[in-house]
Amino acid sequence: NSSASLFKDGELMFAVQEERLTRKKMYEGFPKLSIAFVLESANLKAEDIDYISIAGVNQNIENPFYSYAPKKINNLLPIFLSKFSSFLKGRFNFSFLDKYIYPPKVYKSYIKRELINLNFNLFKSELNFYDHHLCHAASAFFQSGYRDAYVLTQDGRGDELSGTCYYFNENFKKIYFQKSSSSLAQLYAGVTLFLGFTPLKHEGKITGLAAFGKDSILNQKIQDLFKIKETGEIVRVDFKEFNDFFKMLNTSQKKIINATYRNYRDYALFGILFQYWLAHHTKGMTREDIAFAIQDATEKI
């Protein structure tokens, strides 16, 4: 859900999500209308802005299509993919196909180009990119009223991590992190897809289904996919059966995995293999019992 916020002297003035203005639910593109809205609400122009802060350093960086497309049409790909990739990720476990897809070196230039198109002067307005999980931590801490606190974040993935713990006392200090390849939320999204819903959108329906399910051996099997180190770090464990599932992948699936940005390759691979794992371990089970297993296992881990 892309959005824009406007601050003056550290105080939040206006904020709005782009979906409210485009009328397209969970809109993922650049928040052009939101930026225009907050500026207009404060009677400001782009040239009046001193600082621009972007949440995320390496957003939307996994793009299998770039490996096969001629360089001369790479700039046109985001236009073509804006609807096509959303169609794909809603029906297949390719959650790394985001609405606007750019490789790492292109992402920042894309942001700059969009801002310049909105009449921002980047020689005058300082532009900074902030870590995905640090932004989550900051949004929680600065609303809390505490002077110092531990802040825990957990999500699907962002800037190559799926979880962190910060301690704040005058500044944020990261004391723990969890790699995206060990993402608990990826399993939850995988179950959402497996049960016939749209991942990254309908997880709440899985939570609802879980209330009608009962415990089973699947709960423990999901927990066994992770180990907790003495340091407290949550790490996903790959079993031999995943090698067997890998042999079942078709050529197209392997190409997509191999073309994924290297730091997310394990994430992409496991996302596909987990569908095979679920099919193997849930035979004869109801949707409610499968939902119970992922909900309860997530809480316990």
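If you're wondering where the values come from, they're calculated on a predicted model, not measured in any experiment.

Asks: Would you mind showing me how to read helix α12 (residues 287-300) here?
Replies: Because an α-helix completes one turn every 3.6 residues, residues spaced three or four positions apart along the sequence face the same direction. When the terminal C-alpha atoms of α12 are compared, their 20 Å separation across 14 residues agrees well with the 20 Å that a helix rising 1.5 Å per residue should span. Turning to α12, its buried residues are D289, I290, A291, A293, I294, Q295, D296 and A297. Buried residues belonging to α12 abut α6 (184-194), α7 (203-210) and α8 (217-223).

Asks: How should the environment of Q178 be read in this particular structure?
Replies: Here Q178 is to be found in strand β7 (residues 171-179). The class for Q178 is buried, based on a relative accessible area of 0%. Measuring from C-alpha to C-alpha, the distance between Q178 and G163 comes to 4.7 Å, with 15 residues separating the pair along the chain. Excluding residues within four positions of it along the chain, Q178 makes contact with Q154, L161, S162, G163, S183, L184 and I234.

Asks: Would you mind showing me how to read a nonpolar patch on the surface here?
Replies: A surface patch of nonpolar side chains, amounting to about 230 Å² of accessible area, comprises L21, L33 and F37. Mapping L33 onto the fold places it in helix α2 (residues 32-41). The exposure class of L33 is partly exposed, given its relative accessible area of 41%.

Asks: Please clarify how the packing of α6 against helix α11 (residues 265-281) should be interpreted in this entry.
Replies: If you want to describe how two helices pack, look at the angle between their axes and the distance between the axes. For the pair α6 and α11, the least separation of the axes is 10 Å and the interaxial angle reads 50°. Between α6 and α11, the crossing angle belongs to the class labelled oblique. Of the two elements, α6 crosses α11, and the hand of that crossing is right-handed. The segment α6 lies against α11, with Q186, L187, G190, V191, L193 and F194 engaging Y267, F270, G271, F274, Q275, L278 and A279.

Asks: Which parts of the structure should I look at to understand the sheet that holds strand β6 (residues 161-169)?
Replies: Two pairing modes exist for strands in a sheet, parallel and antiparallel, and in both the strands are linked by backbone hydrogen bonds. Strand order in the open sheet made by the three strands is β5-β6-β7, with antiparallel pairing throughout. The sheet terminates laterally at β5 (148-158) and β7, the two strands that pair on one side only. Direction aside, the axes of adjacent strands within the sheet are offset by 20° on average. As judged from the eight bridges shared by β6 and β7, these two strands associate in the antiparallel manner. For T164, the partnering residue across the bridge sits in β7 and is F177.

Asks: How should the packing of aromatic side chains be read in this particular structure?
Replies: Two measures describe an aromatic ring pair: the distance that separates the ring centres and the angle between the ring planes. Taken as a whole and assessed by the stated rule, the structure comprises 13 aromatic pairs. Judged by centre distance (6.1 Å) and plane angle (85°), the ring pair of F242 and F245 falls under edge-to-face. Residue F242 and its partner F245 are located together in helix α9 (residues 240-246), separated by three residues, close to a single helical turn. Taken individually, F242 and F245 each receive the classification buried, so the pair is uniform in this respect. Chaining the aromatic ring pairs together yields one cluster made of F242, F245, F270, F274, Y276 and W277. Cation over ring: K108 sits above F129, and NZ or CZ is 5.0 Å from the ring centre. For R236, the ring lying beneath its charged end belongs to F270, and the centroid distance is 3.9 Å.

Asks: Help me understand the pattern of salt bridges, please; the structure alone is not making it clear to me.
Replies: Pairing between side chains of opposite charge can happen when their charged atoms approach one another. What the rule picks out here adds up to five salt bridges. In this structure, E114 and K32 form a salt bridge, with 3.6 Å as the shortest nitrogen-oxygen distance. Placement of the pair is E114 in helix α4 (residues 104-117) and K32 in helix α2, with a sequence separation of 82 residues. The partly exposed category is assigned to K32, whose relative accessible area is 42%. The partner of D50 in a salt bridge is K124, and the shortest N-O contact between them spans 3.9 Å.

Asks: Looking at this structure, how should I read a positive patch on the surface?
Replies: Positive charge collects at one region of the surface, where R20, R23, K25, K201 and K205 lie side by side. Within the secondary structure, K25 sits in the loop between α1 (18-22) and α2. Take K25: its relative accessible area is 64%, and that puts it in the exposed class.

Asks: What exactly am I supposed to notice about the environment of G271 here?
Replies: Residue position: G271 is located in helix α11. Judged by relative accessible area, G271 falls into the buried class, the value being 5%. Here the alpha-carbon distance between G271 and Q186, two residues 85 residues apart in the chain, equals 7.0 Å.

Procedures and definitions
Residues numbered from 1 in each chain as written. Predicted model: local features only at pLDDT ≥ 70, side-chain atom pairs only at ≥ 80, totals over all residues. Heavy atoms only, no water. Helix = DSSP H or I, 4+ residues; strand = E, 2+ residues; numbered from the N terminus. Expected span 1.5 Å × (residues − 1). Buried < 20%, exposed > 50% of the residue type's maximum accessible area, 1.4 Å probe, protein only. Contact = heavy atoms within 4.5 Å. Patch = residues over 30% accessible without salt bridge, like charges linked within 9 Å, V, L, I, M, F, W, Y side chains within 5 Å. Areas by Shrake-Rupley, 256 points an atom, 1.4 Å probe, with all protein chains shown as cover. Salt bridge = Lys/Arg side-chain N within 4 Å of Asp/Glu carboxyl O. Axes fitted to C-alpha atoms, helices over the stretch in contact; angles between N-to-C directions. Parallel < 35°, antiparallel > 145°, perpendicular 65-115°, else oblique. Left-handed = near helix turned anticlockwise from the far one by under 90°. Pairing = 2+ DSSP bridges. Phe/Tyr/Trp six-rings, centres within 6.5 Å; stacked < 30°, edge-to-face > 60°. Lys NZ or Arg CZ within 6 Å of the ring centre and 35° of its normal. Lys, Arg positive; Asp, Glu negative; His and termini not counted. Charge placed at Lys NZ, Arg CZ, Asp CG, Glu CD.

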